[in-house]
Amino acid sequence: MPKVTFMPSGKVIEIDGETTLREAAHLLDISVHDRCGGMGACCNCIVTIMEGAANICPKSVVEEAVFYLAEHDRLSCQCRLIGDVVVKAI
Ligand code: FES
C-alpha cells in the first residue's frame, strides 16, 4: 500500500487507494485545517507535496478552481494515492 510521510513530524502511515491524505493525517492526529469535513468546500486543507507528486491522483475540479494553491500544494481531502509521498502539513 502507498506510504505517506508527514513533515515536519516524520510520522508515517500506509493507506489504501480509497483513503485521502486528509484522512491519513487524521489517523495520525495531524491537523490539516479542514473546516468542511472533507467535502471540498472550505479549501483550507492544504498540504505541500515534497516528494512523489506523480503518485497522487490528478487535481480535482475543486482544486483547479482554487487560485491560491501554489504549484506543489494540494487539497488533502481531494488526494488519493497510487504510490509513496512525502507531504508537509501546514
Ligand atoms: S476539508 Fe474542506 S476542502 Fe478539504
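Scroll up to find the structure.
No experiment lies behind these values; they were computed from the predicted model shown.

Caption draft 1: Examining the side chain of Arg74 more closely. As for its placement among the helices and strands, Arg74 is situated in strand β4 (residues 73-75). By relative accessible area, Arg74 is classed as buried at 7%. In terms of polar contacts, Arg74 uses its side chain to reach the backbone carbonyl oxygen of Pro58, at 3.4 Å. In terms of polar contacts, Arg74 uses its side chain to reach the side chain of Glu63, at 2.7 Å.

Caption draft 2: Quick peek at the pairing of strand β5 (residues 85-89). With respect to burial, β5 is a largely interior element, 4 of its 5 residues being buried. Across 4 bridges, strand β1 (residues 3-7) lies against β5 in parallel orientation. Across the sheet, the residue bridging to Phe6 is Val87, located in β5. Pairing of strand β3 (residues 46-51) with β5 involves 4 bridges; the strand directions are antiparallel. Directly across from Thr48, in β5, lies its bridge partner Lys88.

Caption draft 3: Geometry of the sheet that holds β5. Spatial strand order, β2-β1-β5-β3-β4: 5 strands in an open sheet with mixed pairing. The open sheet terminates on both sides in strands that have one partner only, identified here as β2 (11-14) and β4. Each strand axis lies, on average, 35 degrees off the axis of its neighbour in the sheet, ignoring direction.

Caption draft 4: Region of the structure containing the side chain of Glu63. Here Glu63 lies in helix α2 (residues 61-64). Judged by its relative accessible area of 1%, Glu63 is buried. A polar contact of 3.0 Å, which involves the side chain of Glu63, links it to the backbone nitrogen of Ser60. Apart from residues lying up to four places away in sequence, Glu63 is in contact with Pro58, Leu69, Arg74, Leu75, Gln78 and Cys79.

Calculation rules
Residues numbered from 1 in each chain as written. Predicted model: local features only at pLDDT ≥ 70, side-chain atom pairs only at ≥ 80, totals over all residues. Heavy atoms only, no water. Helix = DSSP H or I, 4+ residues; strand = E, 2+ residues; numbered from the N terminus. Buried < 20%, exposed > 50% of the residue type's maximum accessible area, 1.4 Å probe, protein only. Polar contact = N/O pair within 3.5 Å; in protein donor to acceptor, adjacent residues only side chain to side chain. Pairing = 2+ DSSP bridges. Axes fitted to C-alpha atoms, helices over the stretch in contact; angles between N-to-C directions. Contact = heavy atoms within 4.5 Å.

What is shown is where atoms sit, not what they do.
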